[in-house]
Amino acid sequence: MKNKTIIIGCSSAFIIIVALVSVAVWLFYSRFIEPFHALRTETPAELRDPRIITGDGFLARTQFLTLPEPDFGARRGGIGPINDLVIKKTGDDSSTEIVIAGSYGALVVDQNGTNKSRVLYKLETQKEKIGFLKTTTTNSILGDIEIVDLDGDHVFEYLARGSIDGAAIFDNQGERLWAYGKFTEEKTSIEDMAAGDLDGDGVAELVVAWNGLEIFDRYGVNKWRQERDDGALHIEVVDTDGDGIKEIVYSRVGNLIIRDGKGRVVRGVDLPFYSGHFTLCTTPDKKQPAILAVQDGYVWLTDFTGKTVAKFNAPLSELDTAPTQTPIGELRGTSVYKASGAWVKFKKGEPEYLAVIAKFAAVDRSLLYIYKSSGEIVYQEVLPEQSSAMAIYPESNANNPQEVLIAGMKTIWRYKAR
């Protein structure tokens, strides 16, 4: 009888443990995984097949690097999906190295794609208790990772711009210098974080939007805070008027706000398009960056007064699709939500071409456009992966043709003119 009691008791305890573990797994899935999958839609027929649409004879593409599956898929031991990349010269010679930032770590490879070093970010962990079970969770949902140089010493840091688990900054060894803005029951997570030198001392500050506008140094020391209720979807730090002093620029619903380094409003800018996310694209004269976005079926370039500098057709960037039911309602249509661009000298003796990557929010595809300055599309490709990063090989001779690296989630391609 006693043996039966022990067996029944052990069985009950085992069932309870299994039930608690199942609940914990379900909570994690429903909170972090399911919302992302729920918003993904079926790939539209126009984007289903990766292919070159226009300009097959204009560019030659080779595969530069592919992350092995353990590197791409695993949070522990792998760098995760590629977010950003930078090409830099290693000395006085012509050799270069490529810095690749993933969601969980970074790689440095040589100009042939051979691995030179890797780091994993020291992500913040915490212990949680579910019933009588204790578990360790890792704050790994940190938004887009951007490669930055806070001190101007050509040693890169990794800036996590922010998401459910807040924002963070990691040094070149992956050590966490500072983290901020995690979601709590009392306060939503950080809106965005960007880096830039606001006071001209050669060291970048961190500009944070989180129910207010704040400035921190790289170690998290607060320099000032301003309460504001206008919401910031995306922040950049840039010289908007050519006076050599950088300002804070952030997007709201359909417009921009420009503030000086003390937080004072310089002006508001009405944009000719609605876009929460924008990117900076330096013009061919290298004097002034422009605002670049893909919206309403066009690539837009505007200055910091809202004037349209260029408006180019962007085929397939706006598609009508069958309605999809999601937890936030019915979604219809597929459109680009994020873009990046750069002017590239693909051919000697010819003007620069504008290269643009257009990334979809809920589709595992991106579009690559190459434009003449007139707006004519000379190359268009449906990329087989989501992509939002490109880097141009530096040339010591400004007249020499340039080559470009385009990064997908796990593959990097190299492009040059035929």
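Look up a bit, the structure's there.
Residues numbered from 1 in each chain as written. Predicted model: local features only at pLDDT ≥ 70, side-chain atom pairs only at ≥ 80, totals over all residues. Heavy atoms only, no water.

Topic: a nonpolar patch on the surface
To be explicit about the condition: A residue counts toward a patch only above 30% relative accessible area and without a salt bridge, and it is joined to like-charged neighbours within 9 Å or, for Val, Leu, Ile, Met, Phe, Trp and Tyr, to nonpolar neighbours within 5 Å. Note on areas: Shrake-Rupley, 1.4 Å probe, and residue coverage restricted to the protein chains presented here. When a carboxyl oxygen of Asp or Glu lies within 4 Å of a side-chain nitrogen of Lys or Arg, that pair is called a salt bridge. The helix count covers DSSP runs of H or I at least four residues long, the strand count covers runs of E at least two residues long, and both are numbered beginning at the N terminus. The rule is simple: take the accessible area with a 1.4 Å probe, protein chains only, and divide by the maximum for that residue type; under 20% is buried, over 50% is exposed, in between is partly exposed.
On the surface, a nonpolar cluster with roughly 310 Å² of combined accessible area is contributed by Leu233, Val253 and Tyr274. Following the sequence through the fold, Val253 ends up in the loop between β18 (247–251) and β19 (255–259). Val253 gets classed as exposed once you look at its relative accessible area, which sits at 69%.

What to know about unusual backbone geometry
Positive phi outside glycine occurs at Asn211, with the angle close to 50°. Classification of Asn211 as partly exposed rests on a relative accessible area of 36%. Residue Asp296 is not a glycine yet carries a positive backbone phi of 60°. Mapping Asp296 onto the fold places it in the loop between β22 (289–295) and β23 (298–302). Looking at Asp296, the relative accessible area reads 43%, which means it is partly exposed.

Here's the deal with the sheet that holds strand β11 (residues 166–170)
Here is the rule: Pairing between strands requires that DSSP locate at least two bridges from one strand to the other. A fitted line through C-alpha atoms represents every axis, and for helices the fit uses only the stretch in contact; the resulting angles, taken between N-to-C directions, go from 0 to 180 degrees.
Taken in spatial order, the four strands of this open sheet run β9-β10-β11-β12, and their pairing is antiparallel. The two strands at the open ends of the sheet, each matched to only one other strand, are β9 (145–148) and β12 (176–180). Averaged over neighbouring strand pairs, the angle between their axes works out to 15° when direction is ignored. Of the pairings in the sheet, the one linking strand β10 (residues 157–163) to β11 comprises four bridges and is antiparallel in character. Note on β11: the bridge partner recorded for Tyr158 is Phe170.

Quick notes on the pattern of salt bridges
Working definition: two side chains of opposite charge can pair if their charged atoms are close together. Under the criterion given, the structure shown has 18 salt bridges. Residues Glu69 and Lys410 are paired through a salt bridge, measuring 3.9 Å at the closest nitrogen-oxygen approach. One end of the pair, Glu69, is in helix α3 (residues 69–73); the other, Lys410, is in the loop between β33 (404–407) and β34 (411–417), and 341 residues separate them in sequence. For Glu236, the salt bridge is made with Arg161, and the minimal N-O distance between the two is 3.9 Å. Residue Glu236 is found in strand β17 (residues 234–238), and its partner Arg161 is found in strand β10; the two are separated by 75 residues along the sequence. Taken individually, Glu236 and Arg161 each receive the classification buried, so the pair is uniform in this respect. Linked through salt bridges whose partners overlap, the residues forming this network are Glu146, Arg161, Asp192 and Glu236.

Overview of the packing of aromatic side chains
Put simply, the rule reads: Two rings belonging to Phe, Tyr or Trp (six-membered ring only in the last case) form a pair when the distance between their centres is within 6.5 Å. Interplanar angles under 30 degrees mark stacking, angles over 60 mark edge-to-face geometry, and anything in between is tilted.
A full pass over the atoms with the stated rule returns 14 aromatic pairs. Measuring from ring centre to ring centre gives 5.2 Å for Trp178 and Tyr180, while their planes differ by 15°; the resulting arrangement is stacked. Of the residues examined, Trp178 reaches a relative accessible area of 11% and is grouped as buried. On the basis of an interplanar angle of 35° and a centroid distance of 5.0 Å, the ring pair of Phe312 and Tyr371 is categorised as tilted. Note that Phe312 is positioned in strand β24 (residues 308–313) and Tyr371 in strand β30 (residues 366–371), a separation of 59 residues in sequence. Here the two residues Phe312 and Tyr371 agree in accessibility, since each one is buried. Among the aromatic residues, ring-to-ring pairing joins Trp178, Tyr180, Trp210 and Phe216 into one connected group.

What about the sheet that holds strand β5 (residues 105–110)?
Spatially, four strands are ordered β3-β4-β5-β6 in an open sheet, and the strand pairing comes out antiparallel. Of all the strands in the sheet, the pair left with one neighbour each is β3 (82–89) and β6 (115–120). Put simply, the sheet's adjacent strands are angled 15° from each other on average, direction ignored.

Quick notes on empty space enclosed by the protein
Note the cut-off: Buried and open spaces are told apart on a 1 Å grid over the protein atoms alone, a cavity being a set of points where a 1.4 Å probe fits but cannot get out and a pocket being an open set with protein on both sides within 12 Å along at least five of seven lines. Residues with an atom within 4 Å of a point are the lining residues. Grid points are joined across faces, edges and corners, and a volume is the space filled by probe spheres set on the points. Here the nonpolar group is Ala, Val, Leu, Ile, Met, Phe, Trp, Tyr, Cys and Pro; Asp, Glu, Lys and Arg are the charged ones; every other residue, Gly included, is treated as polar.
Counted by the stated rule, this structure contains one cavity of 30 Å³ or more. Together, Leu123, Glu124, Asn139, Leu142, Asp165, Ala168, Phe170, Arg176 and Ala179 line the largest cavity. Its residues placed into classes, the lining of the largest cavity shows five nonpolar, one polar and three charged.

Considering the side chain of Ser103
As a reminder, the rule being used: Note on contacts: a residue pair is in contact if any heavy atoms of the two residues lie within 4.5 Å.
Assignment of secondary structure puts Ser103 in the loop between β4 (96–102) and β5. You can call Ser103 buried: its relative accessible area is 17%. Leaving out residues up to four positions away in the same chain, Ser103 has contacts with Ile79, Gly80, Pro81, Asn83, Tyr121 and Ile145.

A short note on the nonpolar core
Definition in use: Here, nonpolar core means buried Ala, Val, Leu, Ile, Met, Phe, Trp, Tyr and Cys residues that are tied together by side-chain atoms lying within 4.5 Å of each other.
Leu47, Val294, Leu301, Leu354, Val356, Leu367 and Tyr371 are the most contacted members of the largest nonpolar core, which totals 24 residues. Elements supplying a minimum of two residues to this core: β22, β23, β24, β28 (334–344), β29 (353–360) and β30. It is β29 that provides the largest number of residues to this core, a total of four residues. Apart from residues lying up to four places away in sequence, Val294 is in contact with Val299, Ala314, Ser317, Val336, Ala339, Val356 and Ala358. Counting residues in each nonpolar core, the second largest holds 19 residues, with Ala342, Ala355, Ile357 and Val404 among its members.

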